[in-house]
Structures are given as C-alpha cells and as structure tokens.
Amino acid sequence: MNVLVLGAGQLARMMSLAGAPLNIETNAFDVISQKVVHPLTQSVVNNDLEDAISRADVITAEFEHIPHDILTLCEKSGKFLPNTDAIKAGGDRRLEKTLLDSANVKNAKHYVIHTRQDFDEAIQYVGLPMVLKSALGGYDGKGQWRLKSMDDVDAVWCEMDQCIQASSGQAIVAEEFVPFDREVSLVGARGKNGEVVVYPLAENIHVNGVLSLSTAIEDRALQAQAKEMFTAVANSLNYTGVLALEFFDVKGTLLVNEIAPRVHNSGHWTQQGAETCQFENHLRAVCGLPLGSTTLIRPTCMINILGEDTLPDTILSTEGCHVHWYGKTKRPGRKMGHINVCAKSTSELQHLMCSLAEILDKNAYPAIHEYANKWQ
Ligand code: ATP
Ligand code: MG
C-alpha cells in the first residue's frame, strides 16, 4: 500500500514509522514547498502532486489547515480519507459548531461574529466572561481573546476586527467561558465498515494554550459519555480514520471543545501505552485493514518537548522513558518531540514523574513540576 499524507510534519513522520512493519509506504506533501517528500528524511521524492496522487493507493491528511484547492484535487481522485467535510470542519470553527449541534453533541454556547453589531449580540447571547476564537487558522491557543469585563470591549473589538479584515472569509466565534475541572480528550478510529474503536481517555494539561502533559486515564462513566459523543460525530461525518475529540469535564459532564480530524498530540502516549498506536490504527483504517486493539497495556503519560533539542542522558537511561524526536530545527515553543513515560502501576508512574521533575528544567517543563507538586 502507498499512502500519500497531506502535511509533512511530525504526525506524517510517526505514521510512516508505524506503517513500515505493515508494508505501508508513506509519502508526505509539504503544503509550503508544494513538494512530495519522504516523511523521515524530508528529501524530495516528487515535484508533481498530481503524479503523486495518481501513484497513491490512499490519500489522507495530518492537519486540517489544507488549502481547499488541494483538498478538491485529492477528493476528485476518489482516494481521499477521512473526507473533505471532516477536514473542513476541523479547520473552521463555524463548521465545527454546526457539526456538533447537528450531531446533538453538547458544546459551549456560541455565536458567530462578523461585525461590531454581531459582537454586541454575542455579548447579550453568550454573556461574560467569554472566549473569542478566530474561525480559521487557530491552533495552540493562537487567534484567541478573553473578554471578562465590558471595559475591554472596544480594545478586544479593535484586535478582532483587524483579524477579520486580514484574511478573506475570516470570522470570530464567541464561546461562553466554561469553568471546567479538567480537560480530557478521546482518540479513536472508525473503519471503512463503520466499526468504531476508542482508546482510554487522556487527561491533558495545557500551558499557555499548548498541550504539555497527556495521561491515559481509566474512568468508566466519562469514557462511556465520551465514546457516545465520539460515535455520534464520527458517524455523522461518515468518517474513516483516527479522529480526536477534546472535551471540558465540568463536574463529570463532558462538553466538546473541539474536534481534530486526524491523529492527535494527546494520543501520542498510545505508542508505548496501547496495544496498537494511533498512527498504525489510522493507516489501518484508511487502508481498509482490520483495526487494532486500543487496550491500555500499562499506565502511560506523554510529556511534550517544546523549544528544546536536547535532553539529559538520564532520561534515555531511565526505565519506562521513551524519547521521540521529530527531527526539527529548534525554535522557541516549537513542538520538537515528546517523551512517553510508562510504569507498571499508576502509583509507580506518579513516582517516576516526580523523579523526572528533578531532572527536567522547570522553565522548559513547568507542567511536570506542577504535577510533581501535586503528587509529592
Ligand atoms: P489546539 O492546538 O488544541 O487546536 P486551539 O488553539 O485550537 O488549540 P482550543 O483548544 O479551542 O484552541 O483552546 C485552547 C485552550 O483554551 C483550551 O485547551 C482551554 O484550556 C482553553 N479554552 C478554550 N475554549 C475555552 C472556553 N470556552 N472556556 C474556557 N477555556 C477555554
Ligand atoms: Mg485545543
């Protein structure tokens, strides 16, 4: 099987690594250079996207912000999975909200803003405090505003208006501020035959809007709620592949924050913590192969490596630590890699995380230090 992935970042890289044992060959289309590259070496394998499309058995995507003309080209080939509607919904918060509402899936009260009058109506409808998010192009907390007081309305409008004017088709989605207890996400896969499998939920800690720690958790009641919502969204999209849902947990009730029509950062723990990792299951799904078991094989936590390109040697020599670098050039805050930390029991995992907090720098890994303070 030959799979062409739209996007040539770490997710395509990890798909490639997971596909090799199954004889699934992957190539990646870099939307910036417009070239097809090898997902590990980044060397150019084809300058012609149309040729790469005709050579591929299956086309899929590692991210949702793909130019629509490229999506159309891929869709025309009849080989593109999950499907263009799913990718567009993941890349436009207006479509995402419409999808969630039509699938009857709980999400935060929201209102779409194009003009100052819409903003005033949003304030009436949603109430303060509110979170405002650009409809297009937002990720890792970028393109967001918080409005807590009416005193700040003019200043916030000024910035939002600039954002709306800067790109055609842009709008802002106002959301009620959700006083969540924690954030969790569910990664799962839907096969071509409609079969749905999901991994255990992950509890996620974000720092400055970016995922920092993700831990697989076992909570039967939450898991059942999450799986029901996952199935509703996946079925309504007639989805094929791995899909992720991010949730707010408000006193045991889940609200969907957003969807990601792809493998997801909060599912990286599955590489060491689950019977089949998310990357392999995505490839299995889009290639029409049976889905692999999503069973948790041992307690696991994922630590994102942000803006750092080295780690203390002790990490590699610590039992239970698995390092995954993405081969990227260092930039402040950039996702450079992750560490999967595994243990035989939850208490052993907590103990191991606390000892890692002593090794990893507090400025680069603030969430582990918070974690250690909580459990020590
Ligand atoms: P991602 O990189 O996950 O795609 P993003 O930039 O698209 O992130 P969101 O996930 O929507 O943005 O928001 C980033 C973070 O901001 C959330 O993880 C959550 O901590 C906080 N947040 C977002 N929306 C709300 C809300 N309505 N109420 C409270 N907090 C929120
Ligand atoms: Mg998010």
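Chains are numbered independently. Their residues run from 1 in the order of the written sequence. Here every chain gets a letter starting at A, and every ligand a number starting at 1, in the order they are written. Side-chain atom pairs in this predicted model are given and counted only at pLDDT of 80 or more, local residue features only at pLDDT of at least 70, and totals for whole chains, interfaces and linings cover all residues. The side-chain quantities take in all heavy atoms of the structure and omit both hydrogens and water.

Asks: Can you lay out the domain arrangement of the protein for me, pointing to particular residues and giving the numbers?
Replies: On domain assignment, one finds that the protein holds domain 1 (2–80), domain 2 (109–176) and domain 3 (182–375). Of the roughly 310 Å² buried between domain 2 and domain 3, counting both surfaces, carbon and sulfur atoms make up 34%. Computed with a 1.4 Å rolling probe, the buried area is the accessible surface lost when two parts are put together, summed over both parts. Its largest share of buried area at the contact with domain 3, domain 2 owes to K133, D140 and E175, together 81% of the area lost on that side. For this analysis, a salt bridge means a side-chain nitrogen from Lys or Arg found within 4 Å of a carboxyl oxygen belonging to Asp or Glu. Linking domain 2 to domain 3 there are 0 salt bridges. In protein, a polar contact requires one atom able to donate a hydrogen and another able to accept it; more generally it is a pair of N or O atoms within 3.5 Å, and residues adjacent in sequence count only if both atoms are side-chain atoms. Between the two partners, domain 2 and domain 3, sit 1 residue pair in polar contact (both at pLDDT 80 or more). These domain limits were set by an automatic method or by a database of domain assignments.

Asks: An account of the site of ligand 1 is requested, with residue identities and associated values reported.
Replies: Neighbouring ligand 1 are 20 residues, the closest being K133, D140, G141, E183 and E258. Contacts to ligand 1 include E246, whose side-chain N or O atom sits 3.0 Å from an oxygen atom. At 3.0 Å, a side-chain N or O of N257 approaches an oxygen atom of ligand 1. Surface accessibility follows the Shrake-Rupley procedure with a 1.4 Å probe radius. Residue values consider only the protein chains on display as shielding. For ligand 1, whose unbound accessible area comes to 610 Å², protein coverage reaches 91%. Of the residues in the shell around ligand 1, the class split is 6 nonpolar, 4 polar and 10 charged. Mapping the shell around ligand 1 onto the domain boundaries places at least three of its residues in each of domain 2 (109–176) and domain 3 (182–375). Think of it this way: one heavy atom of a residue within 4 Å of a molecule or strand is enough to make that residue near it. Classes in brief: Ala, Val, Leu, Ile, Met, Phe, Trp, Tyr, Cys and Pro nonpolar; Asp, Glu, Lys and Arg charged; the others, Gly included, polar.

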